[in-house]
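Chain and residue survey
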Amino acid sequence: MIRTLATTTAAAALLTLTACKGGGASGDAAKLIPDAATVIGGANIQEMMKSPLYDGNKEMLEKGEQKEMMDAAKECNLGPDTWKSVVFGVDPEGGDSKMAVVLTATGLGKKENLECIATKAKEKNDGKEPWTMEEKDGKLVLTIDDGEATGYVVNDDTLAVAGKDWAGAVKELVDGKGKPAIENSLKDVLGRTDMSKAVWAAGVVPASMATGPADGMKDGAMWVDMSSGLEINASVGLKDADTAKSKAEEFQKQYDQAKGMAGAFGIPAAVTDSVKIEAKDAAINVSAKASKEDLEKINEAVKKSLGGMM
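Remember, predicted model here, so these are calculated numbers, not experimental data. (Residues numbered from 1 in each chain as written. Predicted model: local features only at pLDDT ≥ 70, side-chain atom pairs only at ≥ 80, totals over all residues. Heavy atoms only, no water.)

This paragraph deals with the side chain of Thr82. Structurally, Thr82 is set in the loop between helix H5 (64-75) and strand E2 (83-90). Excluding residues within four positions of it along the chain, Thr82 makes contact with Asn77, Ala105 and Thr106. (Helix = DSSP H or I, 4+ residues; strand = E, 2+ residues; numbered from the N terminus. Contact = heavy atoms within 4.5 Å.)

As structure tokens, then:
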């Protein structure tokens, strides 16, 4: 269901690849993720496309099926320069029916562009219609995969898609009602991420998953900055400060034992030395950096390795 839409629209965007800080298009889109979400995240597409990381892998990313999808998007007035953000919300224990994706691109909500996308998808899927479209209460609504998901055109540039269990909650948010997760259930953990970054995410750890190495973990948040290389910042919330301290020491020990192998994979020492693992209150913070030059060295090593396998 949501996968159908991703194949024809979100994939083009992703391959073209206080509570919250800033956020721009991501911040506005995140307000359409319902309070039932236990994990939320997103990507600011233009930030990704301007990055050295994307530039260094552009040739690999923009070929094959990906190129075909991107070309189709361009023909529907949704080329790479139109995409702004993709935001998702999910309950990991709820399957596809408890999921929402908000896509933002200039012209994405226009009827003629959606009809164009549907035509392209139909051609690729042996004549099967990806959705039916009708106007309800003055707004376009897409019934996707025989009702497994519903798409709501929010405005000319925004489309919100919800699994069948969340369709009602997302519709309320589109109508200016209801409770968004960023202002309620996920407000606190979102304070540890930054929605203005290229990639960001935050969420709570389901009790069923807080076992083994994840024992005692309550929530997590992260962001990735790609503006001048690659910078990663992540945090994991635990049940108390003592647990955070012991876990941080454990992770540091494991990292110290493993980092010597990084050079064999072409990872510069400057990158491995930048990694910091620290306990702060009841959380573990992990950060790492790679300069543009570091990324170029890593890309070269990866290409050389892949070349040897071919």
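From this point on, the discussion continues.
On to helix H9 (residues 241-258). Taking 1.5 Å as the rise per residue, H9 with 18 residues should run 26 Å; its terminal C-alpha atoms sit 26 Å apart, in good agreement. Buried-residue contacts for H9 involve strand E10 (229-238), helix H10 (269-274), strand E11 (276-280) and strand E12 (283-291). Two to three positions downstream of the cap, the backbone nitrogen of Asp242 sits 3.2 Å from a side-chain oxygen, assigning the N-cap of H9 to Asp240. (Expected span 1.5 Å × (residues − 1). Polar contact = N/O pair within 3.5 Å; in protein donor to acceptor, adjacent residues only side chain to side chain.)

Counted according to the given criterion, the structure contains one disulfide. A disulfide bridge connects Cys76 with Cys116, and the sulfur atoms are separated by 2.0 Å. Handedness here is read from the sign of the S-S torsion; for Cys76 and Cys116, about -75°, the answer is left-handed. Placement of the pair is Cys76 in the loop between H5 and E2 and Cys116 in helix H6 (residues 111-124), with a sequence separation of 40 residues. In this pair, the class of Cys76 matches that of Cys116, namely buried. (Disulfide = S-S within 2.5 Å. Buried < 20%, exposed > 50% of the residue type's maximum accessible area, 1.4 Å probe, protein only.)

Strand order in this open sheet of 12 strands is E4-E5-E6-E7-E3-E2-E1-E8-E9-E10-E12-E11, and the pairing throughout is antiparallel. Each edge of the open sheet carries a strand with a single partner, namely strand E4 (131-136) and E11. Across the sheet, the mean angle from the axis of one strand to that of its neighbour is 15°, orientation sign disregarded. Where H6 meets the sheet, it contacts E4, strand E5 (139-144), strand E6 (149-155) and strand E7 (158-163), and its direction lies at approximately 165° from that of E4. (Pairing = 2+ DSSP bridges. Axes fitted to C-alpha atoms, helices over the stretch in contact; angles between N-to-C directions.)

This next bit is on the pairing of strand E3 (residues 99-105). Counting buried residues along E3, six of its seven residues qualify, which places the element largely inside the surrounding structure. Pairing geometry for E2 and E3, over seven bridges, is antiparallel. Within the sheet, the bridge partner assigned to Ser85 lies in E3 and is Thr104. Where E3 and E7 come together, five bridges link them in antiparallel fashion.

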